[in-house]
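These are the residues of each chain, in order.
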Amino acid sequence: MPGMGNSLRAAALLAFVVLSILVSLLISGVQQFGARTSHSSNAGLAGDETEAASLRGELIYHLNERRKEIIPLLLPDDDVENGVPRETLHSSRLDSILDHNLWNEITHGSRKAHMDEMGCDSLVGMQAVEILGSGYTKLVVKVKLAGGQSVALKLVNEQGIDMGKCLEDFKDPHGCRELVSYKLKKEIVLLQRLQHPNVIKLKGHCAGDVGGEGGRITVILEQGSPLQMIQLLQSPWEDRFRVCLDLVRLLHFLSQSTLGSVALLDFQPRQFVTVSGELKLTDLDDASAEETACQTNTDCTLQFPHRNFTLPCSAQGECEGLNEKRNIYNAYRYFFTYLLPHQAPPGLAHLVDHIMNSTGDLKADINQTLEAFEHILHLYKSGLHLDNLPSSIIKDYTMMRGMGTSGNVEYRCWPSYSPQGCVLSVHSAREAAYVCNSHSQCNSFTLTGQKTWTGRLLASFRSRFSHLVPDGMSEVYVKKTNAPESSIV
Ligand SMILES: Nc1ncnc2c1ncn2[C@@H]1O[C@H](COP(=O)(O)OP(=O)(O)O)[C@@H](O)[C@H]1O
Ligand SMILES: [Mg+2]
(Lines give C-alpha, C1' and ligand atoms only; values in the text may rest on other atoms or scores of the structure.)
(Ligands and ions follow the chains in the order given, each with its own letter.)
Protein backbone atom coordinates (compact mmCIF):
# COMPACT_ATOMS: atom_id res chain seq x y z
CA MET A 1 0.00 0.00 0.00
CA PRO A 2 1.92 3.02 -1.21
CA GLY A 3 -0.44 5.43 0.62
CA MET A 4 0.41 3.78 3.91
CA GLY A 5 4.15 3.98 3.19
CA ASN A 6 3.80 7.66 2.45
CA SER A 7 1.90 8.24 5.66
CA LEU A 8 4.65 6.54 7.60
CA ARG A 9 7.30 8.60 5.87
CA ALA A 10 5.31 11.76 6.50
CA ALA A 11 4.91 10.88 10.15
CA ALA A 12 8.64 10.18 10.46
CA LEU A 13 9.42 13.46 8.73
CA LEU A 14 7.05 15.30 10.94
CA ALA A 15 8.68 13.79 13.99
CA PHE A 16 12.00 15.00 12.62
CA VAL A 17 10.70 18.54 12.08
CA VAL A 18 9.23 18.70 15.55
CA LEU A 19 12.51 17.43 16.96
CA SER A 20 14.61 19.98 15.11
CA ILE A 21 12.30 22.77 16.25
CA LEU A 22 12.74 21.70 19.81
CA VAL A 23 16.50 21.59 19.40
CA SER A 24 16.46 25.00 17.81
CA LEU A 25 14.61 26.29 20.82
CA LEU A 26 17.43 24.83 22.95
CA ILE A 27 15.02 22.73 24.87
CA SER A 28 15.23 19.02 25.15
CA GLY A 29 12.66 16.41 25.92
CA VAL A 30 15.09 14.66 28.23
CA GLN A 31 13.39 16.00 31.35
CA GLN A 32 10.09 14.57 30.22
CA PHE A 33 11.58 11.14 29.60
CA GLY A 34 13.43 11.51 32.88
CA ALA A 35 10.18 12.18 34.65
CA ARG A 36 8.64 9.15 33.04
CA THR A 37 11.53 6.78 33.86
CA SER A 38 11.83 7.85 37.46
CA HIS A 39 8.11 7.51 37.71
CA SER A 40 8.16 3.91 36.48
CA SER A 41 11.24 2.93 38.50
CA ASN A 42 9.45 3.94 41.65
CA ALA A 43 6.32 2.20 40.61
CA GLY A 44 7.09 -0.80 42.75
CA LEU A 45 6.20 1.13 45.88
CA ALA A 46 2.59 0.60 46.81
CA GLY A 47 1.92 4.23 47.81
CA ASP A 48 3.27 5.49 44.54
CA GLU A 49 1.22 2.96 42.66
CA THR A 50 -1.96 4.21 44.26
CA GLU A 51 -0.98 7.78 43.53
CA ALA A 52 -0.15 6.93 39.92
CA ALA A 53 -3.49 5.19 39.51
CA SER A 54 -5.38 8.11 40.95
CA LEU A 55 -3.47 10.56 38.69
CA ARG A 56 -4.21 8.37 35.70
CA GLY A 57 -7.88 8.30 36.67
CA GLU A 58 -7.97 12.06 36.90
CA LEU A 59 -6.27 12.45 33.54
CA ILE A 60 -8.80 10.08 31.94
CA TYR A 61 -11.56 12.19 33.45
CA HIS A 62 -10.10 15.32 31.80
CA LEU A 63 -9.66 13.49 28.49
CA ASN A 64 -13.33 12.56 28.59
CA GLU A 65 -14.36 16.11 29.44
CA ARG A 66 -12.44 17.41 26.43
CA ARG A 67 -14.05 14.78 24.23
CA LYS A 68 -17.51 15.73 25.46
CA GLU A 69 -16.81 19.34 24.56
CA ILE A 70 -16.21 18.35 20.93
CA ILE A 71 -19.13 15.95 20.48
CA PRO A 72 -21.88 18.58 20.05
CA LEU A 73 -19.77 20.25 17.38
CA LEU A 74 -19.70 17.05 15.36
CA LEU A 75 -23.43 17.13 14.63
CA PRO A 76 -24.11 17.37 10.93
CA ASP A 77 -25.48 20.83 10.13
CA ASP A 78 -28.77 19.37 8.76
CA ASP A 79 -29.95 18.33 12.20
CA VAL A 80 -29.53 21.77 13.62
CA GLU A 81 -31.21 23.32 10.61
CA ASN A 82 -34.14 20.95 11.15
CA GLY A 83 -34.73 22.78 14.39
CA VAL A 84 -33.07 20.46 16.88
CA PRO A 85 -30.87 22.61 19.09
CA ARG A 86 -27.55 20.95 19.85
CA GLU A 87 -27.72 21.38 23.58
CA THR A 88 -31.18 19.77 23.92
CA LEU A 89 -30.21 16.52 22.23
CA HIS A 90 -30.06 13.58 24.58
CA SER A 91 -26.59 12.08 24.70
CA SER A 92 -27.62 8.62 23.40
CA ARG A 93 -29.45 10.21 20.48
CA LEU A 94 -26.44 12.42 20.00
CA ASP A 95 -24.11 9.44 19.70
CA SER A 96 -26.23 7.90 16.96
CA ILE A 97 -26.30 10.93 14.68
CA LEU A 98 -23.06 12.74 15.19
CA ASP A 99 -20.53 12.96 12.46
CA HIS A 100 -18.52 9.81 13.19
CA ASN A 101 -16.69 10.09 9.91
CA LEU A 102 -15.27 13.44 10.84
CA TRP A 103 -14.29 12.21 14.28
CA ASN A 104 -12.61 9.04 12.97
CA GLU A 105 -10.87 11.05 10.35
CA ILE A 106 -9.44 13.45 12.90
CA THR A 107 -8.49 10.78 15.39
CA HIS A 108 -7.13 8.03 13.20
CA GLY A 109 -5.59 9.66 10.21
CA SER A 110 -6.33 11.73 7.22
CA ARG A 111 -9.06 10.40 5.03
CA LYS A 112 -9.66 12.59 2.04
CA ALA A 113 -13.25 13.33 2.99
CA HIS A 114 -13.18 16.69 1.32
CA MET A 115 -11.67 16.80 -2.11
CA ASP A 116 -9.40 19.76 -1.43
CA GLU A 117 -7.98 18.46 1.83
CA MET A 118 -4.32 17.75 2.32
CA GLY A 119 -3.30 14.77 4.40
CA CYS A 120 -0.14 13.11 5.73
CA ASP A 121 0.93 12.41 2.14
CA SER A 122 1.17 16.13 1.39
CA LEU A 123 3.80 16.51 4.11
CA VAL A 124 6.27 14.06 2.54
CA GLY A 125 9.41 15.94 1.51
CA MET A 126 8.48 19.20 3.26
CA GLN A 127 11.07 21.62 4.62
CA ALA A 128 10.68 23.56 7.86
CA VAL A 129 11.28 27.28 7.16
CA GLU A 130 10.63 29.19 10.38
CA ILE A 131 8.53 29.35 13.52
CA LEU A 132 5.58 31.65 12.88
CA GLY A 133 4.34 31.82 16.43
CA SER A 134 3.44 29.96 19.57
CA GLY A 135 0.91 30.25 22.35
CA TYR A 136 -0.13 28.46 25.54
CA THR A 137 -1.22 25.42 23.55
CA LYS A 138 0.18 25.36 20.04
CA LEU A 139 3.33 25.85 18.03
CA VAL A 140 2.98 27.15 14.47
CA VAL A 141 5.68 26.45 11.88
CA LYS A 142 6.01 27.63 8.31
CA VAL A 143 6.94 24.78 5.98
CA LYS A 144 7.56 24.50 2.29
CA LEU A 145 5.83 21.48 0.78
CA ALA A 146 7.46 19.32 -1.86
CA GLY A 147 5.48 21.11 -4.58
CA GLY A 148 6.87 24.49 -3.45
CA GLN A 149 3.71 25.72 -1.66
CA SER A 150 4.17 27.35 1.76
CA VAL A 151 1.74 26.40 4.51
CA ALA A 152 1.48 26.82 8.28
CA LEU A 153 1.51 23.68 10.44
CA LYS A 154 -0.02 23.76 13.92
CA LEU A 155 1.29 21.26 16.45
CA VAL A 156 1.10 20.75 20.19
CA ASN A 157 3.48 23.22 21.84
CA GLU A 158 5.60 20.86 23.94
CA GLN A 159 7.00 23.86 25.80
CA GLY A 160 3.67 25.64 26.18
CA ILE A 161 1.87 26.47 29.42
CA ASP A 162 -0.85 23.87 28.74
CA MET A 163 1.64 21.03 28.35
CA GLY A 164 3.76 22.25 31.27
CA LYS A 165 0.79 22.43 33.61
CA CYS A 166 -0.44 19.00 32.58
CA LEU A 167 3.01 17.43 33.10
CA GLU A 168 3.22 19.02 36.51
CA ASP A 169 -0.19 17.67 37.45
CA PHE A 170 -0.09 14.22 35.87
CA LYS A 171 3.56 13.48 35.03
CA ASP A 172 2.52 11.61 31.92
CA PRO A 173 3.97 13.03 28.68
CA HIS A 174 2.00 10.70 26.45
CA GLY A 175 -1.32 11.30 28.19
CA CYS A 176 -0.66 15.04 28.35
CA ARG A 177 0.10 15.24 24.65
CA GLU A 178 -3.20 13.50 24.04
CA LEU A 179 -5.02 15.92 26.35
CA VAL A 180 -3.54 19.00 24.70
CA SER A 181 -4.18 17.49 21.27
CA TYR A 182 -7.89 17.68 21.99
CA LYS A 183 -7.62 21.44 21.55
CA LEU A 184 -6.21 20.88 18.06
CA LYS A 185 -8.98 18.40 17.33
CA LYS A 186 -11.59 20.88 18.48
CA GLU A 187 -9.99 23.51 16.27
CA ILE A 188 -10.11 21.20 13.23
CA VAL A 189 -13.84 20.58 13.77
CA LEU A 190 -14.53 24.29 14.23
CA LEU A 191 -12.47 25.24 11.16
CA GLN A 192 -14.54 22.79 9.12
CA ARG A 193 -17.84 24.01 10.56
CA LEU A 194 -17.08 27.73 10.49
CA GLN A 195 -15.74 28.39 7.01
CA HIS A 196 -15.67 32.10 6.19
CA PRO A 197 -13.32 34.52 4.36
CA ASN A 198 -12.23 35.87 7.76
CA VAL A 199 -11.44 32.47 9.29
CA ILE A 200 -8.11 30.87 8.40
CA LYS A 201 -8.50 28.22 5.73
CA LEU A 202 -8.02 24.63 6.83
CA LYS A 203 -6.06 22.85 4.14
CA GLY A 204 -6.01 19.49 5.87
CA HIS A 205 -4.57 17.58 8.78
CA CYS A 206 -2.47 14.57 9.60
CA ALA A 207 -2.93 12.31 12.61
CA GLY A 208 0.35 10.52 13.22
CA ASP A 209 -1.26 7.43 14.66
CA VAL A 210 1.90 5.42 14.14
CA GLY A 211 3.91 3.21 16.53
CA GLY A 212 1.51 3.86 19.39
CA GLU A 213 1.96 7.59 19.09
CA GLY A 214 -1.79 8.19 19.05
CA GLY A 215 -2.93 11.74 19.60
CA ARG A 216 -0.15 13.45 17.67
CA ILE A 217 -2.03 15.81 15.40
CA THR A 218 -0.81 18.27 12.81
CA VAL A 219 -3.15 20.85 11.34
CA ILE A 220 -2.31 22.21 7.87
CA LEU A 221 -3.42 25.81 7.36
CA GLU A 222 -3.02 28.60 4.87
CA GLN A 223 -0.06 30.71 5.95
CA GLY A 224 -0.62 34.21 7.27
CA SER A 225 1.36 36.89 9.06
CA PRO A 226 0.80 37.31 12.79
CA LEU A 227 -1.09 40.54 13.47
CA GLN A 228 1.35 43.26 14.54
CA MET A 229 -0.62 45.91 16.40
CA ILE A 230 2.34 48.31 16.62
CA GLN A 231 2.84 48.15 12.85
CA LEU A 232 -0.89 48.50 12.24
CA LEU A 233 -1.03 51.61 14.45
CA GLN A 234 1.44 53.25 12.07
CA SER A 235 -0.38 52.30 8.89
CA PRO A 236 -2.92 54.36 6.92
CA TRP A 237 -6.47 54.66 8.28
CA GLU A 238 -7.77 52.72 5.26
CA ASP A 239 -5.80 49.61 6.29
CA ARG A 240 -6.78 49.95 9.94
CA PHE A 241 -10.42 50.34 8.93
CA ARG A 242 -10.11 47.16 6.86
CA VAL A 243 -9.01 45.13 9.88
CA CYS A 244 -11.98 46.43 11.91
CA LEU A 245 -14.45 45.84 9.06
CA ASP A 246 -13.15 42.29 8.55
CA LEU A 247 -13.53 41.67 12.28
CA VAL A 248 -17.13 42.91 12.24
CA ARG A 249 -17.94 40.74 9.22
CA LEU A 250 -16.48 37.77 11.10
CA LEU A 251 -18.45 38.51 14.28
CA HIS A 252 -21.63 38.89 12.23
CA PHE A 253 -21.02 35.46 10.73
CA LEU A 254 -20.22 33.92 14.14
CA SER A 255 -23.40 35.35 15.68
CA GLN A 256 -25.57 33.34 13.32
CA SER A 257 -23.45 30.29 12.55
CA THR A 258 -24.92 26.81 12.20
CA LEU A 259 -23.45 26.04 15.64
CA GLY A 260 -25.42 28.89 17.21
CA SER A 261 -24.03 32.23 18.34
CA VAL A 262 -20.30 31.65 18.82
CA ALA A 263 -18.31 33.61 21.42
CA LEU A 264 -14.54 33.95 21.23
CA LEU A 265 -13.57 33.44 24.85
CA ASP A 266 -9.89 34.25 24.36
CA PHE A 267 -10.31 37.37 22.23
CA GLN A 268 -6.93 38.98 21.60
CA PRO A 269 -5.16 40.39 18.55
CA ARG A 270 -2.67 37.52 18.74
CA GLN A 271 -5.44 35.06 17.80
CA PHE A 272 -5.61 36.66 14.33
CA VAL A 273 -3.32 36.77 11.31
CA THR A 274 -3.52 38.64 8.03
CA VAL A 275 -3.40 37.09 4.58
CA SER A 276 -2.78 39.72 1.87
CA GLY A 277 -4.10 42.42 4.21
CA GLU A 278 -7.25 40.47 5.07
CA LEU A 279 -7.89 39.62 8.72
CA LYS A 280 -8.35 35.93 9.59
CA LEU A 281 -9.11 34.26 12.89
CA THR A 282 -6.65 31.43 13.52
CA ASP A 283 -7.10 30.41 17.18
CA LEU A 284 -10.49 28.78 17.57
CA ASP A 285 -9.95 26.35 20.39
CA ASP A 286 -11.54 28.75 22.87
CA ALA A 287 -14.62 29.40 20.74
CA SER A 288 -17.89 28.42 22.38
CA ALA A 289 -21.46 28.26 21.14
CA GLU A 290 -22.82 27.52 24.59
CA GLU A 291 -25.51 29.88 25.83
CA THR A 292 -25.54 31.01 29.46
CA ALA A 293 -28.51 29.73 31.45
CA CYS A 294 -30.23 32.24 33.74
CA GLN A 295 -33.11 32.84 36.10
CA THR A 296 -32.88 36.60 36.42
CA ASN A 297 -31.09 39.41 34.56
CA THR A 298 -28.40 39.50 37.23
CA ASP A 299 -27.26 36.05 36.03
CA CYS A 300 -26.46 37.70 32.70
CA THR A 301 -23.60 39.97 33.66
CA LEU A 302 -20.71 40.55 31.28
CA GLN A 303 -17.65 41.57 33.24
CA PHE A 304 -14.71 43.45 31.77
CA PRO A 305 -11.85 45.13 33.63
CA HIS A 306 -13.36 48.63 33.37
CA ARG A 307 -16.99 47.98 32.53
CA ASN A 308 -19.82 45.62 33.44
CA PHE A 309 -23.02 45.07 31.48
CA THR A 310 -26.22 43.30 32.48
CA LEU A 311 -28.20 41.69 29.67
CA PRO A 312 -31.79 40.44 29.70
CA CYS A 313 -32.64 36.88 30.76
CA SER A 314 -35.10 35.48 28.21
CA ALA A 315 -38.32 33.63 28.96
CA GLN A 316 -36.50 30.46 27.84
CA GLY A 317 -33.95 30.99 30.62
CA GLU A 318 -31.01 32.04 28.46
CA CYS A 319 -29.01 35.26 28.48
CA GLU A 320 -30.07 36.92 25.27
CA GLY A 321 -27.26 37.88 22.92
CA LEU A 322 -24.56 37.37 25.53
CA ASN A 323 -22.07 35.72 23.17
CA GLU A 324 -22.63 38.34 20.50
CA LYS A 325 -22.30 41.24 22.95
CA ARG A 326 -19.17 39.79 24.51
CA ASN A 327 -17.55 39.68 21.06
CA ILE A 328 -18.63 43.25 20.21
CA TYR A 329 -17.20 44.72 23.40
CA ASN A 330 -13.94 42.81 22.94
CA ALA A 331 -13.73 44.10 19.36
CA TYR A 332 -14.24 47.60 20.74
CA ARG A 333 -11.64 47.35 23.48
CA TYR A 334 -8.90 45.45 21.62
CA PHE A 335 -9.36 46.78 18.08
CA PHE A 336 -11.65 49.77 17.53
CA THR A 337 -10.23 52.02 20.28
CA TYR A 338 -6.72 51.65 18.86
CA LEU A 339 -7.41 51.45 15.15
CA LEU A 340 -10.54 53.37 14.18
CA PRO A 341 -10.75 57.00 15.37
CA HIS A 342 -7.16 58.07 14.76
CA GLN A 343 -6.84 60.01 11.46
CA ALA A 344 -10.29 59.00 10.19
CA PRO A 345 -11.19 61.07 7.10
CA PRO A 346 -12.93 64.26 8.34
CA GLY A 347 -16.07 63.52 6.30
CA LEU A 348 -16.45 60.17 8.09
CA ALA A 349 -15.37 61.15 11.60
CA HIS A 350 -18.95 61.57 12.92
CA LEU A 351 -19.87 58.07 11.69
CA VAL A 352 -16.75 56.60 13.28
CA ASP A 353 -17.61 58.39 16.56
CA HIS A 354 -21.07 56.90 16.40
CA ILE A 355 -19.62 53.38 16.05
CA MET A 356 -17.26 54.02 18.96
CA ASN A 357 -20.16 55.09 21.19
CA SER A 358 -22.59 52.37 20.18
CA THR A 359 -20.08 49.52 20.51
CA GLY A 360 -18.35 50.93 23.63
CA ASP A 361 -21.73 51.12 25.41
CA LEU A 362 -23.06 47.93 23.78
CA LYS A 363 -26.05 49.84 22.42
CA ALA A 364 -25.88 48.27 18.95
CA ASP A 365 -26.16 44.61 18.02
CA ILE A 366 -23.88 43.05 15.43
CA ASN A 367 -26.32 43.62 12.53
CA GLN A 368 -26.45 47.35 13.25
CA THR A 369 -22.68 47.48 13.73
CA LEU A 370 -22.06 45.74 10.42
CA GLU A 371 -24.50 48.10 8.66
CA ALA A 372 -22.67 51.12 10.09
CA PHE A 373 -19.31 49.76 8.88
CA GLU A 374 -20.60 48.90 5.40
CA HIS A 375 -22.11 52.40 5.15
CA ILE A 376 -18.73 53.98 5.89
CA LEU A 377 -17.11 51.69 3.32
CA HIS A 378 -19.67 52.73 0.71
CA LEU A 379 -19.13 56.46 1.33
CA TYR A 380 -15.37 56.05 1.35
CA LYS A 381 -15.27 54.05 -1.89
CA SER A 382 -17.67 56.32 -3.74
CA GLY A 383 -16.08 59.55 -2.52
CA LEU A 384 -19.46 60.81 -1.31
CA HIS A 385 -17.83 61.94 1.95
CA LEU A 386 -15.81 64.47 -0.07
CA ASP A 387 -18.82 66.37 -1.41
CA ASN A 388 -17.77 69.68 0.09
CA LEU A 389 -14.38 69.83 -1.67
CA PRO A 390 -14.53 72.69 -4.19
CA SER A 391 -14.35 71.24 -7.71
CA SER A 392 -12.48 74.32 -8.95
CA ILE A 393 -9.43 73.26 -6.89
CA ILE A 394 -8.15 71.05 -9.74
CA LYS A 395 -8.02 74.04 -12.07
CA ASP A 396 -4.86 75.20 -10.24
CA TYR A 397 -2.99 72.25 -11.78
CA THR A 398 -1.74 71.37 -15.26
CA MET A 399 -2.26 67.72 -16.10
CA MET A 400 -0.01 65.59 -18.31
CA ARG A 401 -1.42 62.19 -19.24
CA GLY A 402 0.79 59.17 -19.91
CA MET A 403 3.70 60.78 -18.07
CA GLY A 404 5.74 60.08 -14.95
CA THR A 405 8.56 62.05 -13.36
CA SER A 406 12.25 61.50 -12.66
CA GLY A 407 14.79 63.40 -10.60
CA ASN A 408 12.21 63.79 -7.85
CA VAL A 409 12.74 65.85 -4.72
CA GLU A 410 10.58 63.98 -2.26
CA TYR A 411 9.26 64.93 1.15
CA ARG A 412 7.85 62.66 3.79
CA CYS A 413 4.35 62.62 5.13
CA TRP A 414 2.54 60.40 7.59
CA PRO A 415 1.17 57.79 7.24
CA SER A 416 2.66 57.20 3.82
CA TYR A 417 2.41 53.99 1.77
CA SER A 418 6.10 54.52 0.92
CA PRO A 419 8.69 55.25 3.61
CA GLN A 420 10.88 57.35 1.25
CA GLY A 421 8.29 59.79 0.03
CA CYS A 422 4.70 60.89 0.45
CA VAL A 423 2.29 58.35 -1.06
CA LEU A 424 -1.34 58.53 0.00
CA SER A 425 -4.62 57.14 -1.28
CA VAL A 426 -7.14 59.53 -2.86
CA HIS A 427 -10.54 59.19 -4.44
CA SER A 428 -9.76 61.46 -7.40
CA ALA A 429 -7.38 64.07 -8.78
CA ARG A 430 -9.56 66.65 -7.01
CA GLU A 431 -8.88 65.11 -3.58
CA ALA A 432 -5.17 64.81 -4.47
CA ALA A 433 -5.13 68.54 -5.37
CA TYR A 434 -6.73 69.28 -2.01
CA VAL A 435 -4.04 67.22 -0.22
CA CYS A 436 -1.23 68.87 -2.22
CA ASN A 437 -2.59 72.33 -1.36
CA SER A 438 -2.55 71.43 2.32
CA HIS A 439 1.16 70.35 2.26
CA SER A 440 3.43 73.41 2.11
CA GLN A 441 6.20 71.38 0.39
CA CYS A 442 3.97 70.01 -2.36
CA ASN A 443 4.22 71.32 -5.90
CA SER A 444 3.21 68.33 -7.99
CA PHE A 445 1.72 64.89 -7.71
CA THR A 446 1.34 61.77 -9.82
CA LEU A 447 -1.61 59.40 -9.99
CA THR A 448 0.15 56.12 -10.62
CA GLY A 449 -2.79 53.94 -11.65
CA GLN A 450 -2.16 51.67 -8.63
CA LYS A 451 -5.12 51.12 -6.34
CA THR A 452 -5.67 50.23 -2.69
CA TRP A 453 -8.04 47.49 -1.47
CA THR A 454 -11.00 49.90 -1.61
CA GLY A 455 -10.20 50.87 -5.20
CA ARG A 456 -8.89 54.32 -4.23
CA LEU A 457 -5.94 55.65 -6.23
CA LEU A 458 -2.38 55.86 -4.96
CA ALA A 459 -1.04 59.39 -5.39
CA SER A 460 2.59 60.30 -4.96
CA PHE A 461 3.26 63.88 -3.79
CA ARG A 462 6.61 65.69 -4.14
CA SER A 463 8.34 69.06 -3.93
CA ARG A 464 9.99 69.05 -7.34
CA PHE A 465 11.15 66.89 -10.22
CA SER A 466 13.61 67.41 -13.03
CA HIS A 467 12.15 65.50 -15.99
CA LEU A 468 8.93 64.19 -17.33
CA VAL A 469 9.24 60.64 -18.66
CA PRO A 470 6.72 58.67 -20.72
CA ASP A 471 4.69 56.36 -18.48
CA GLY A 472 1.58 54.79 -19.97
CA MET A 473 -0.49 54.49 -16.80
CA SER A 474 0.40 57.68 -14.93
CA GLU A 475 -0.86 61.25 -14.86
CA VAL A 476 1.31 64.09 -13.58
CA TYR A 477 -0.29 67.21 -12.06
CA VAL A 478 1.83 70.34 -11.58
CA LYS A 479 0.75 73.43 -9.66
CA LYS A 480 0.23 76.22 -12.21
CA THR A 481 1.62 78.99 -10.05
CA ASN A 482 4.80 76.97 -9.61
CA ALA A 483 4.99 75.60 -13.13
CA PRO A 484 7.70 78.00 -14.31
CA GLU A 485 9.85 77.18 -11.26
CA SER A 486 9.91 73.43 -11.88
CA SER A 487 12.37 72.80 -14.63
CA ILE A 488 10.15 70.97 -17.08
CA VAL A 489 12.04 70.83 -20.33
N1 LIG B 1 -1.88 30.31 9.81
C2 LIG B 1 -0.98 31.02 10.48
N3 LIG B 1 -0.04 31.73 9.83
C4 LIG B 1 0.88 32.45 10.51
N5 LIG B 1 0.95 32.51 11.85
C6 LIG B 1 0.03 31.83 12.57
C7 LIG B 1 -0.98 31.05 11.92
N8 LIG B 1 -1.74 30.50 12.88
C9 LIG B 1 -1.23 30.91 14.06
N10 LIG B 1 -0.17 31.70 13.89
C11 LIG B 1 0.64 32.33 14.95
O12 LIG B 1 0.91 31.34 15.94
C13 LIG B 1 0.48 31.80 17.22
C14 LIG B 1 -0.03 30.61 18.03
O15 LIG B 1 -1.17 30.04 17.42
P16 LIG B 1 -2.53 29.85 18.25
O17 LIG B 1 -3.48 29.04 17.45
O18 LIG B 1 -3.01 31.18 18.71
O19 LIG B 1 -2.00 28.98 19.49
P20 LIG B 1 -2.47 29.00 21.01
O21 LIG B 1 -3.81 28.31 21.07
O22 LIG B 1 -1.40 28.25 21.72
O23 LIG B 1 -2.58 30.44 21.45
C24 LIG B 1 -0.57 32.87 16.95
O25 LIG B 1 -0.58 33.83 17.99
C26 LIG B 1 -0.13 33.46 15.63
O27 LIG B 1 0.77 34.54 15.84
MG1 LIG C 1 -3.59 31.83 20.55
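An unreviewed UniProt entry lists the protein chain under the name Extracellular tyrosine-protein kinase PKDCC, with Monopterus albus given as the organism.

All right, on to the overall build of the protein chain then. What the protein chain contains, in helices and strands, is 14 helices and 17 strands. The 489 residues of the protein chain split such that 34% are buried. Sequence separation of at least 24 residues holds for 65% of the intrachain contacts in the protein chain that already meet a minimum separation of 6.

Bringing the site of ligand 1 into the picture now. Among the 22 residues in the neighbourhood of ligand 1, the closest are listed as Gly-133, Gly-135, Thr-137, Pro-226 and Asp-283. Sorting the residues of the shell around ligand 1 by element identifies β1 (127-134) and β2 (138-144) as the ones contributing at least two each. No other element matches the three residues that β1 contributes to the shell around ligand 1. The class makeup of the residues in the shell around ligand 1 is eight nonpolar, ten polar and four charged. Each of two domains, domain 1 (2-223) and domain 2 (227-386), supplies a minimum of three residues to the shell around ligand 1.

Sheets are built from strands paired through backbone hydrogen bonds, the pairs being either parallel or antiparallel. With antiparallel pairing, five strands are arranged side by side in an open sheet as β13-β17-β15-β16-β14. The open sheet has two edge strands, β13 (397-406) and β14 (422-426), and neither has a second partner. Averaged over all neighbouring strand pairs, the angle between strand axes comes to 35 degrees, with direction disregarded. Bridging between strand β15 (residues 444-451) and strand β17 (residues 467-479) involves four bridges; their strand directions are antiparallel. For Ser-444, the partnering residue across the bridge sits in β17 and is Val-478.

Membership of the largest hydrophobic core comes to 71 residues, with the highest contact counts inside it found for Cys-244 and Leu-247. Here the element with the most residues in this core is helix α8 (residues 173-193); it accounts for nine residues. Shared between two domains, this core takes at least three residues from each, and those domains are domain 1 (2-223) and domain 2 (227-386). When sequence neighbours within four positions are dropped, the list of residues in contact with Cys-244 reads Phe-335, Phe-336, Leu-339 and Leu-340. With 16 residues, the next largest nonpolar core counts Cys-422, Cys-442, Phe-445 and Val-478 among its residues.

Of all the residues in helix α14 (residues 429-438), the buried ones are Glu-431, Ala-432, Ala-433 and Cys-436. Against β13, β14, β15, β16 (457-462) and β17 lie the buried residues of α14.

Further remarks concern the pairing of β1. One ladder, built from six bridges, connects β1 with β2; its direction is antiparallel. By the bridge assignment, Ala-128 is partnered in β2 with Val-143. Between β1 and β2, which pair antiparallel one after the other, the connecting turn spans three residues.

We now examine the confidence of the model for the protein chain. On average, residues of the protein chain score 85 in pLDDT, and 79% of them are at 70 or above. Residue range residues 22-40 is modelled with pLDDT below 50. Its contacts to residues more than four positions away, or to other chains, number 13 contacts. Below pLDDT 50 for its whole length, residues 483-489 participates in nine contacts with residues either more than four positions away or in separate chains.

Glancing now at the packing of helix α10 (residues 237-255) against helix α13 (residues 366-382). Where α10 meets α13, the closest approach of the two axes is 9 Å, and the angle between their N-to-C directions is 150 degrees. Regarding the angle of α10 to α13, the classification is roughly antiparallel. The way α10 lies across α13 gives a crossing that is left-handed. Along the contact surface, α10 presents Leu-245, Val-248, Arg-249, Leu-251, His-252 and Ser-255, while α13 presents Ile-366, Asn-367, Thr-369, Leu-370, Phe-373 and Leu-377. Taken together, the residues of the contact of α10 with α13 sort by class into seven nonpolar, four polar and one charged.

What counts, and where the lines are drawn
All chains use their own residue numbering, which begins from 1 and follows the written sequence. Chains carry letters from A onward and ligands carry numbers from 1 onward, assigned in written order. Two thresholds apply to this predicted model, a pLDDT of at least 70 for residue-level local features and 80 or more for giving and counting side-chain atom pairs, whereas whole-chain, interface and lining totals are computed over all residues. Segments assigned H or I by DSSP are reported as helices when at least four residues long, segments assigned E as strands when at least two residues long, and all are numbered from the N terminus. Counting other C-beta atoms within 10 Å of a residue's C-beta gives its exposure: the residue is buried at 20 or more, exposed at 12 or fewer, and partly exposed in between, where C-beta atoms are placed from the backbone. Contact between two residues is assigned whenever their backbone-derived C-beta positions fall within 7 Å. Near, for a residue, is defined by distance from a backbone-placed C-beta atom to a molecule or strand, with 6 Å as the limit that must not be exceeded. Each residue gets one of three labels, nonpolar for Ala, Val, Leu, Ile, Met, Phe, Trp, Tyr, Cys and Pro, charged for Asp, Glu, Lys and Arg, and polar for the others, Gly among them. How far each domain reaches was decided by an automatic or database domain assignment. Any two strands with at least two DSSP bridges between them are considered paired. Each axis is a line fitted through C-alpha atoms, taken for helices only over the stretch in contact, and angles between the N-to-C directions span 0 to 180 degrees. Note on definitions: a nonpolar core is a set of buried residues drawn from Ala, Val, Leu, Ile, Met, Phe, Trp, Tyr and Cys, linked by C-beta atoms within 7 Å. pLDDT gives the predictor's per-residue confidence on a scale running from 0 to 100. Any angle between 65 and 115 degrees counts as roughly perpendicular, while under 35 counts as roughly parallel, over 145 as roughly antiparallel, and the rest as oblique. Each crossing gets its handedness from the near helix: less than a right angle anticlockwise from the far helix is left-handed, clockwise is right-handed.

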